Amino acid sequence: MTKRTRMLGAVMAGVLALSLAACGSGSSNGGDTTTTPADTTTTTTDNGNSNSNEKITITFQNIYPDTTDPKNKMLHKIVDQYQKDHPNITIELDSLNTDQQKLKLKTQAASKEVPDITIVNPAAQMQPFIDADLFAPLNEMIEQNGLKDTFQQGILDYYTFNGNVYALPDGNNIAVVYYNKSLFEKAGVKVPTTFEEMVDVVKQLKAKGITPMAIGEKDSWTGSFLFMNVLLRTNGGPGFLKDVVDGKKTFEDPAFKEAVDAFESLIQAGAFQDGVTSFDYNAGENLFKTGKAAMYFMGSWATGGIETSEAGKDNNVGVFKFPTVKGKGNPDEFMLAPGSAFAVSKDSKHLKETLDFLNYFMLNYPKEAFDAKGAVGIAQTVDGDFKAAGYSDMAMDVLNLFKEVKGGDLAFDNTMNPGTAQAHLSSIQNLFVAKKDASDVAKEHQTAYEENK
Amino acid sequence: MAYGRGRHTPPFVVDERDVKEAEALNVLKVSGWVIAAFVLPCLLLYVCLVFIPILVSIYSGMLDWNGIGASKFIGFANYTKMFTNDSVFWPALGRTFLLAGFSMLVQVPIALFVAILISRYVRRPNFLVSSYFLPVILSVVIIGQLWKTIYNPASMGGMINQILIGLGLDSWMHSWLTEPKVAIFAVILVSLWQYLGYHILIQFTGIQNIPADIYEAAKIDGAEGFKADRYITLPMIVPIFKISVVLSFIGSLQSFDLIMVMTGGGPAHATDVISSHMYNMSFLSMKYGYGSAIATFLVFVCLLATLIINFLFTRLDKRYS
């Protein structure tokens, strides 16, 4: 008996050791087992596809998980159509919300297991992925079927490194101020044309017991986005951060300090709701959407959601350009937000098919977006009469603002490296809860920048 | 037979009695190899899931690495920076210990007190203990959102502030989660509230395991009520109490989710603890190597703290046995 037990024991241990050995050779990243790289099964299909008998799965990581979002419907529509046309190809959707996706991709990138198609952000946020050589260049692909010409002039530059296009954007937005017309009427105020007037409007709204501006500052980029627009004005034009990177300016430049002072005057006037740093992006936006706040500074991507909200009924919401600060700056220069973009893994097992699919996807994107009433702020040109298609007055206003854009700046974290960006975000967030001296804020930025150079 | 005592000895301390007991338990007289074979699966799991990742972290902690691209070995530079040139690190560490302190010195004793009261006065205690335990099984996200609404400013319908207004204590009102000085305490309170039931359960079970005949004997000798608690319950609960303290300490060091949900470490790092700082560094600032250094530091603090707590309790244990 003992002998048998011993044998059994040894065999069992061997089996277990073998089965567990797999985890030792794996990577150190967190337990991410949901996405495996595209796998091929060699079973033949019996539906007689002429191109190939090989069954192919393409993993498509995306940030459209919300089934009420028009983009989600659009995604499914295009994918379903493609799968119908190509029975041997399965598109596996990995839909995550933005933050989850960012985290997941970083984890996957660390172990070189990038999904066939994934989402990246423009410029500086893309740089580390490019440096690690993870994406396939799309230069040839965008020439096919005239895809390149559907994109707006210059937009692809934000996704181009060393002459290669590495990603195709789903959007191209600008920052605007949305305002609630009935609340403005109630307080007897008009749309401000200068920043000083805006601070005044804030005070008058506040006196009537109305929350002047909503913001979701727990997410910290929201406040930074607004601050950068002030800086775009006090600097008299775009390019402040670029000048810093090029060594022509420092954060202790008067333009930066002036922006901090102006920004603080807005906060000190009581512009934002109470407890502002505990509101996340959605909670902040909801204040405006439910008519509890009079103004909302955000990228034009928010248009669709506001349109269909309680506050947006009966054309009650209007938009205006961010005004001049101390007479400086040009309101036609906007905070630009080239959208998140689709990139293709260089190590994809089915590179050709993946590129083919993405080409098809992007070609159909504008039309489907237009039909789903989601075409405000997309990166491609859309042929179609928006008014006749039933887009609201506010959407038309935003579309008209697009025509007046004369350049501008990108968000801080799209221009600076992640380390500096995090320091900046927390420094600006602090202004919402504590009054600080502009030169201290400038110094904080400069130190962080030099440390992370 | 040392069984009565042995049962209560937690697995953290290997004492000779246990070894002898283990030998005595080997009644089947199976060889050491067989025992090894049966221990192996668990051991391998432990090595793969705990030990190797720790080693990898220690190694990554010595890299200048953004988590994606090429890495550079820089020795202990990350640690030097962490200890001497990181304005967030020390305050975050302080807040972590603040949380641990509150947890060990306030939460666990309260839990013990409640457990004693329940076991003495409540005839069918299970329902009560289960209700105290309820917050533990709720998702942290739900708890965080719940308390966020409770803490909201009065203008947003926050319960605490409205009660304060109702009581005429307007001056006590705070924007609980957004005032840098108050926010960390607001978060700590929620954490204490959530895990109180957990420690009540542990200690209640411990009290239940004390043989009733000891109390009966004491009764004959004239020790009843709190006197019996002082001389019987407290000494006999020490091993269980220790488990509670160790768990609460390590739990506090690792606390992360609640803070992420409620404040995200803000405003401006005012509620950052060591693990949220580690997360920010690794994934938002993309300093994966530096984040790993913080993680390694956390592992060693946990180990050290467990050793210290063990040492203190061994002395306490000796005094009472």
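Student: Which parts of the structure should I look at to understand the overall build of chain B?
Tutor: Counting its secondary structure elements, chain B contains 14 helices and two strands. For chain B, the spread of C-alpha atoms along the principal axes amounts to about 65 × 65 × 30 Å. Of all 321 residues assigned to chain B, the portion counted as buried reaches 44%. Counted over contacts in chain B with a minimum sequence separation of 6, partners at least 24 positions apart contribute 66%. A total of about 17400 Å² of accessible surface is found on chain B, and carbon and sulfur atoms cover 70% of it. Of the side-chain charges in chain B, 21 are positive and 17 negative, and the distance between the mean point of each set is 2 Å.

Student: Quick question: what am I supposed to make of the overall build of chain A here?
Tutor: In terms of regular secondary structure, chain A is built from 17 helices and 13 strands. Here chain A holds 453 residues, and the buried ones make up 53% of them. Considering only contacts within chain A whose residues lie at least 6 apart along the sequence, 74% involve residues at least 24 apart.

Student: Just checking my understanding: could you explain the nonpolar core for this structure?
Tutor: Taken as a class, soluble globular proteins show a tendency for nonpolar side chains to be buried jointly. Residue and element names in this part refer to chain A. Leu168, Tyr178 and Phe361 are the most contacted members of the largest nonpolar core, which totals 84 residues. In terms of residue count, helix α13 (residues 351–371) provides more of this core than any other element does, eight residues in total. Each residue touching Phe361, except ones within four places of it in the same chain, is listed here: Phe60, Leu75, Ile78 and Phe342.

Student: Sorry if this is basic, but what is going on with the interface of chain A and chain B here?
Tutor: Taken together, the contacts link 37 residues of chain A with 38 residues of chain B. With both sides pooled, the region where chain A packs onto chain B buries about 3100 Å², and carbon together with sulfur makes up 68% of that total. Linking chain A to chain B there are seven residue pairs in polar contact (both at pLDDT 80 or more). Going through the elements one at a time, α1 (2–25), α3 (98–110), α4 (127–131), α16 (418–431) and α17 (438–452) of chain A are the ones with two or more residues in the side of chain A that touches chain B. Here the residues of the side of chain A that touches chain B are counted per class, giving 17 nonpolar, 14 polar and six charged.

Student: Could you clarify how one ought to interpret the pattern of salt bridges in this entry?
Tutor: Side chains bearing opposite charge may pair, as long as their charged atoms lie close to each other. Residue and element names in this part refer to chain A. Considering all chains together, one arrives at 15 salt bridges over all chains under this definition. Measuring nitrogen to oxygen at the nearest pair gives 2.9 Å for the salt bridge that ties Glu258 to Lys328. Of the two residues, Glu258 sits in helix α10 (residues 254–268) while Lys328 sits in the loop between β10 (317–320) and β11 (334–338), which places them 70 residues apart along the sequence. For Lys436, the salt bridge is made with Glu444, and the minimal N-O distance between the two is 3.1 Å. Overall, Lys436 belongs to the partly exposed group, its relative accessible area being 23%. Given a relative accessible area of 34%, Glu444 falls into the partly exposed group. One network of salt bridges, in which partners are shared, links Lys321, Asp332, Glu404 and Lys406.

Student: Explanation requested: the packing of aromatic side chains in the structure shown.
Tutor: The geometry of an aromatic ring pair is captured by the separation of the ring centres together with the interplanar angle, meaning the angle of the planes. One pass over the structure, following the stated rule, counts 50 aromatic pairs over all chains. Ring centres of Phe60(A) and Phe357(A) lie 5.7 Å apart, and the angle between their planes is 75°; this geometry places the pair in the edge-to-face category. Of this pair, Phe60(A) sits in strand β1 (residues 56–62) while Phe357(A) is found in helix α13, placing the two residues 297 residues apart along the sequence. Across the pair, exposure class does not vary: Phe60(A) and Phe357(A) are buried alike. The ring centre of Tyr290(B) lies 4.6 Å from the NZ or CZ of Lys81(B), which sits over that ring. The cationic tip of Arg120(B) hangs over the ring face of Phe226(B); the distance from NZ or CZ to the ring centre is 4.7 Å.

Student: How do you make sense of the confidence of the model for chain A when you look at a structure like this?
Tutor: Reading predicted coordinates in detail is not appropriate for stretches of low pLDDT. All names here are of chain A. Averaged over all residues, the pLDDT of chain A is 84; the fraction at 70 or higher stands at 88%. Long-range and interchain partners of residues 1–5, a stretch whose pLDDT sits below 50, account for one contact in this model, where long-range means more than four residues apart. Here residues 10–50 is a poorly scored stretch, pLDDT under 50, and it has 41 contacts once near neighbours within four places are set aside; other chains count.

Student: Would you mind going over the pairing of strand β7 (residues 172–180) of chain A with me for this structure?
Tutor: On any regular strand, side chains alternate: one points to one face of the sheet, the next to the other face. Residues and elements named next belong to chain A. Burial analysis of β7 places nine of its nine residues in the buried class, which makes it a mostly covered element. Neither face of β7 is left uncovered, since the one carrying Asn172, Ile174, Val176, Tyr178 and Asn180 and the one carrying Asn173, Ala175, Val177 and Tyr179 both have all their residues buried. Examined bridge by bridge, β7 and β11 share three bridges and lie antiparallel to one another. Pairing of Asn173 across the sheet is with Ala337, part of β11. Relative to strand β9 (residues 293–299), β7 runs antiparallel, the two sharing five bridges.

Student: Teacher, can you tell me more about the environment of Arg230(B) here?
Tutor: Residues and elements named next belong to chain B. On the secondary structure map, Arg230 appears in helix α11 (residues 225–254). With a relative accessible area of 40%, Arg230 lands in the partly exposed category. With 63 residues separating them along the chain, Arg230 and Ala293 place their C-alpha atoms 45 Å apart.

Student: Whenever I open this one, helix α5 (residues 89–121) of chain B confuses me. Can you help?
Tutor: Helical geometry note: an α-helix holds 3.6 residues per turn, so side chains three or four residues apart project in the same direction. Helix length check: α5(B) (33 residues) gives 47 Å between terminal C-alpha atoms against 48 Å at 1.5 Å per residue, within 8%. In the structure, α5(B) departs most strongly from a straight axis at Ser103(B), where the bend amounts to approximately 30°.

Student: Just checking my understanding: could you explain helix α6 (residues 125–137) of chain B for this structure?
Tutor: All names here are of chain B. For α6, which comprises 13 residues, the first-to-last C-alpha distance of 19 Å matches the rise-based estimate of 18 Å (1.5 Å per residue) to within 8%. Largest kink in α6: about 30°, centred on Ser131, with the proline Pro135 one to four residues after it. The complete set of buried residues in α6 reads Pro125, Val129, Pro135 and Val136. Looking at the packing, one finds that the buried side of α6 touches α5, α7 (140–151) and α9 (180–208).

Student: What is the right way to read the side chain of Ser282(B) from this model?
Tutor: Mapped onto the fold, Ser282(B) is located in helix α13 (residues 274–284). For Ser282(B), the side chain forms a polar contact with the main-chain oxygen of Met278(B), separated by 2.7 Å.

Student: I tried to follow the confidence of the model for chain B on my own but got confused; where do I start?
Tutor: Residues and elements named next belong to chain B. Across chain B, the average pLDDT comes to 84, with 91% of residues at 70 or higher. In this model, residues 1–13 is a region of pLDDT below 50 whose contacts with residues beyond four sequence positions or in other chains number 19 contacts. Prediction confidence for the complex, expressed as pTM and ipTM, is 0.80 and 0.76 respectively.

Student: Would you mind showing me how to read the packing of helix α7 (residues 195–207) of chain A against α10(A) here?
Tutor: Helix-helix packing is described using two parameters, namely the angle between the two axes and the distance between the axes. All names here are of chain A. Look at α7 against α10: their axes get within 9 Å of each other, and the N-to-C directions meet at 20°. With respect to α10, the axis of α7 lies roughly parallel. Crossing geometry of α7 relative to α10 is assigned as left-handed. Residues Phe195, Val199 and Val202 of α7 touch α10, and the partners they reach there are Ala262, Ser265 and Leu266. The class makeup of the residues in the contact of α7 with α10 is five nonpolar, one polar and no charged.

Rules used in this analysis
Residues numbered from 1 in each chain as written. Chains lettered and ligands numbered in written order. Predicted model: local features only at pLDDT ≥ 70, side-chain atom pairs only at ≥ 80, totals over all residues. Heavy atoms only, no water. Helix = DSSP H or I, 4+ residues; strand = E, 2+ residues; numbered from the N terminus. Buried < 20%, exposed > 50% of the residue type's maximum accessible area, 1.4 Å probe, protein only. Contact = heavy atoms within 4.5 Å. Areas by Shrake-Rupley, 256 points an atom, 1.4 Å probe, with all protein chains shown as cover. Lys, Arg positive; Asp, Glu negative; His and termini not counted. Charge placed at Lys NZ, Arg CZ, Asp CG, Glu CD. Core = buried A, V, L, I, M, F, W, Y, C linked by side-chain atoms within 4.5 Å. Buried area = accessible area lost by both parts, 1.4 Å probe. Polar contact = N/O pair within 3.5 Å; in protein donor to acceptor, adjacent residues only side chain to side chain. Nonpolar A, V, L, I, M, F, W, Y, C, P; charged D, E, K, R; others polar. Salt bridge = Lys/Arg side-chain N within 4 Å of Asp/Glu carboxyl O. Phe/Tyr/Trp six-rings, centres within 6.5 Å; stacked < 30°, edge-to-face > 60°. Lys NZ or Arg CZ within 6 Å of the ring centre and 35° of its normal. pLDDT = per-residue confidence, 0-100. Pairing = 2+ DSSP bridges. Expected span 1.5 Å × (residues − 1). Bend = angle between axes of the 7 residues up to and from the residue. Axes fitted to C-alpha atoms, helices over the stretch in contact; angles between N-to-C directions. Parallel < 35°, antiparallel > 145°, perpendicular 65-115°, else oblique. Left-handed = near helix turned anticlockwise from the far one by under 90°.

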